[in-house]
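Given next are the chains, with one letter for each unit.
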Amino acid sequence: MLNKVVIFGVGLIGGSFARSLRKAGAVGEIVGVGRSATSMARAKELGIIDAIGVSGVAADGALPLADALHGADLVLLAAPVAQTEAILASIAPHLQAGTVVTDAGSTKSDVVASARRALGSKVAQFVPGHPIAGRETNGPDAAIDNLYVGKKVVLTALAENSETDVERVAAAWRACDAIIHRLTPEEHDKVFAAVSHLPHLLAYALVDDIARKPHADLLFQYAASGFRDFTRIAGSSPEMWRDISLANQPALLAELDAYMAQLTLLRAQLAANDGAGLEQVYSNAQHARHQWITAIEAAETPPSPDKAD
């Protein structure tokens, strides 16, 4: 049971974390901190948080940051990754020995570097994390209490972290019915550059390309389910994905270069009327995707109950 949790950024990710903990009866008090007074007021109105904290001068019943953080068991940073260092720097003077800080950022190497700069000797209290869940809506109204059910949360623990602190973060996510995985920050960034960051870049690029064409209205008129499914993630927060793209630039550039090489190959096959070559690429992709979906479905299927003789 967490007596007090402080969440920076009470939108989809942070708000859903709060709702999930509350639903599980795993938290006492929840304090929200954010850039928008309107969003924070809305989060309190919706019952997502119990109180509002502010980094600057407190007003209108909001708590000064020192009071907001006092006695907190856990602090979650659910703001865009570019804000991580500034938020941690604001926390550092008020961070008590018993408080554990974690984050929900989609990149980890840059977050770890920011934490080391901002927290200094208190970096051992920071356990980096990344919940693999999301929707295309943002803000407090998007928060739901089952966003993390059955979803992976990757923890990229630091050498300085105590196992007790890592377990506090893991237990909070397990209370949200999430599944805990462990990677190093470097492993995390390489993996997600390939399977998350590159797909988002491609989806944004495709929609932007079509939107800029002189006959865009006609194209969108005939875009159907395939286009909708492929570009769904282009509905995500541009600010967030700008920050993620820049934060994971080296790994994302490497994946983008590999993808461009694949496109060059496909273009050459198409230009040469190489049907066999195209089909080989398509077949390999189809087979790999089928294997991936089968593995997901097998992992999500509960074991059959034993039958009596």
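Whatever comes next refers back to the structure up there.
Everything numeric in this text was worked out from a predicted model, so none of it was measured.

J.: I'm lost on the sheet that holds strand β10 (residues 179-182) in this one. Help?
T.: Read from one edge to the other, the open sheet built from 3 strands follows the order β8-β9-β10, with strand pairing classed as mixed. Strands with a single pairing partner mark the edges of an open sheet, and in this sheet they are β8 (129-131) and β10. Strand-to-strand twist across the sheet, computed as the mean angle between neighbouring axes with direction ignored, equals 20°. Across 4 bridges, strand β9 (residues 152-155) lies against β10 in parallel orientation.

J.: Looking at this structure, how should I read the side chain of K4?
T.: Relative to the assigned elements, K4 resides in strand β1 (residues 2-8). Put simply, K4 is tucked away with no salt bridge, and the nearest opposite charge, on E29, sits 4.5 Å away. A polar contact is formed between the side chain of K4 and the backbone oxygen of D67, at a distance of 3.1 Å. Not counting chain neighbours up to four residues away, the residues in contact with K4 comprise E29, V31, D67, A68, L69, H70, G71, A72, D73 and L74.

J.: Help me understand the packing of helix α1 (residues 12-23) against helix α6 (residues 163-175) in this model?
T.: Geometrically, a packed helix pair is captured by the angle between its two axes and the distance between the axes. Between α1 and α6, the least distance of the axes is 8 Å, while the angle of their chain directions is 80°. As far as their axial angle goes, α6 and α1 are roughly perpendicular. From α1, F17, S20 and L21 reach across to α6, where they touch A172, W173 and A175. The residue makeup of the contact of α1 with α6, split by class, is 5 nonpolar, 1 polar and no charged.

J.: Would you mind showing me how to read the sheet that holds strand β5 (residues 74-77) here?
T.: Neighbouring strands of a sheet are bound in pairs by backbone hydrogen bonds; such pairs are parallel or else antiparallel. Here we have 7 strands laid out as an open sheet, ordered β4-β3-β2-β1-β5-β6-β7, and parallel in their pairing. Looking at which strands have only one partner, the edges of the open sheet turn out to be β4 (63-64) and β7 (126-127). Pairing analysis gives 2 bridges linking strand β3 (residues 51-54) to β4, with the strands arranged parallel. Pairing of V54 across the sheet is with P64, part of β4. Those strands touched by α1 are β1, β2 (27-33) and β5, and its axis lies near 165° from that of β1.

J.: Where do I start with the nonpolar core in this structure?
T.: For soluble globular proteins, the rule of thumb is that nonpolar side chains tend to be buried together. In this structure, V5, I7, F17, L21, L74, Y148 and W173 are the most contacted members of the largest nonpolar core, which totals 39 residues. Of all the elements in the fold, those that place two or more residues in this core are β1, α1, β2, α2 (37-45), β3, β5, β9 and α6. Within the second largest apolar cluster, 29 residues are counted, among which are V6, A72, V101 and A118.

J.: When you look at the packing of helix α11 (residues 249-271) against helix α12 (residues 275-300) in this model, what are you seeing that I'm missing?
T.: Packing of α11 against α12 leaves a shortest axis separation of 8 Å and a crossing angle of 140°. Contact residues: α11 offers Q262, L266, Q269 and L270, while α12 offers G277, L278, V281 and Y282.

J.: Help me understand the pattern of salt bridges, please; the structure alone is not making it clear to me.
T.: Two side chains of opposite charge can pair, provided their charged atoms sit close to one another. In this structure the tally under the stated criterion is 13 salt bridges. Here D145 makes a salt bridge to K23, at a shortest N to O gap of 3.7 Å. Placement of D145 in the loop between β8 and β9 and of K23 in helix α1 is noted, with a sequence separation of 122 residues between them. The class for K23 is exposed, based on a relative accessible area of 59%. Of the charged contacts, one joins K108 and D103 as a salt bridge, the two residues approaching to 2.9 Å between their closest N and O atoms. Each member of the pair, K108 together with D103, is buried. Each member of the salt-bridge network shares a partner with another, and the members are R42, E45 and D141.

J.: Even after reading the chapter, I still don't get the pairing of β3, so can you show me in this structure?
T.: On any regular strand, side chains alternate: one points to one face of the sheet, the next to the other face. Side chains A51 and G53 of β3 all project onto a buried face; the interleaved residues I52 and V54 project onto the opposite face, where all are buried too. Relative to β3, β2 runs parallel, the two sharing 3 bridges. Paired with V33 across the strands is G53, a residue of β3. Tracing the backbone out of β2, into α2 and back to the parallel element β3 gives a crossover that is right-handed.

How each quantity is defined
Residues numbered from 1 in each chain as written. Predicted model: local features only at pLDDT ≥ 70, side-chain atom pairs only at ≥ 80, totals over all residues. Heavy atoms only, no water. Pairing = 2+ DSSP bridges. Helix = DSSP H or I, 4+ residues; strand = E, 2+ residues; numbered from the N terminus. Axes fitted to C-alpha atoms, helices over the stretch in contact; angles between N-to-C directions. Buried < 20%, exposed > 50% of the residue type's maximum accessible area, 1.4 Å probe, protein only. Lys, Arg positive; Asp, Glu negative; His and termini not counted. Salt bridge = Lys/Arg side-chain N within 4 Å of Asp/Glu carboxyl O. Polar contact = N/O pair within 3.5 Å; in protein donor to acceptor, adjacent residues only side chain to side chain. Contact = heavy atoms within 4.5 Å. Parallel < 35°, antiparallel > 145°, perpendicular 65-115°, else oblique. Nonpolar A, V, L, I, M, F, W, Y, C, P; charged D, E, K, R; others polar. Core = buried A, V, L, I, M, F, W, Y, C linked by side-chain atoms within 4.5 Å. Right-handed = clockwise from strand over helix to strand, strands pointing away.

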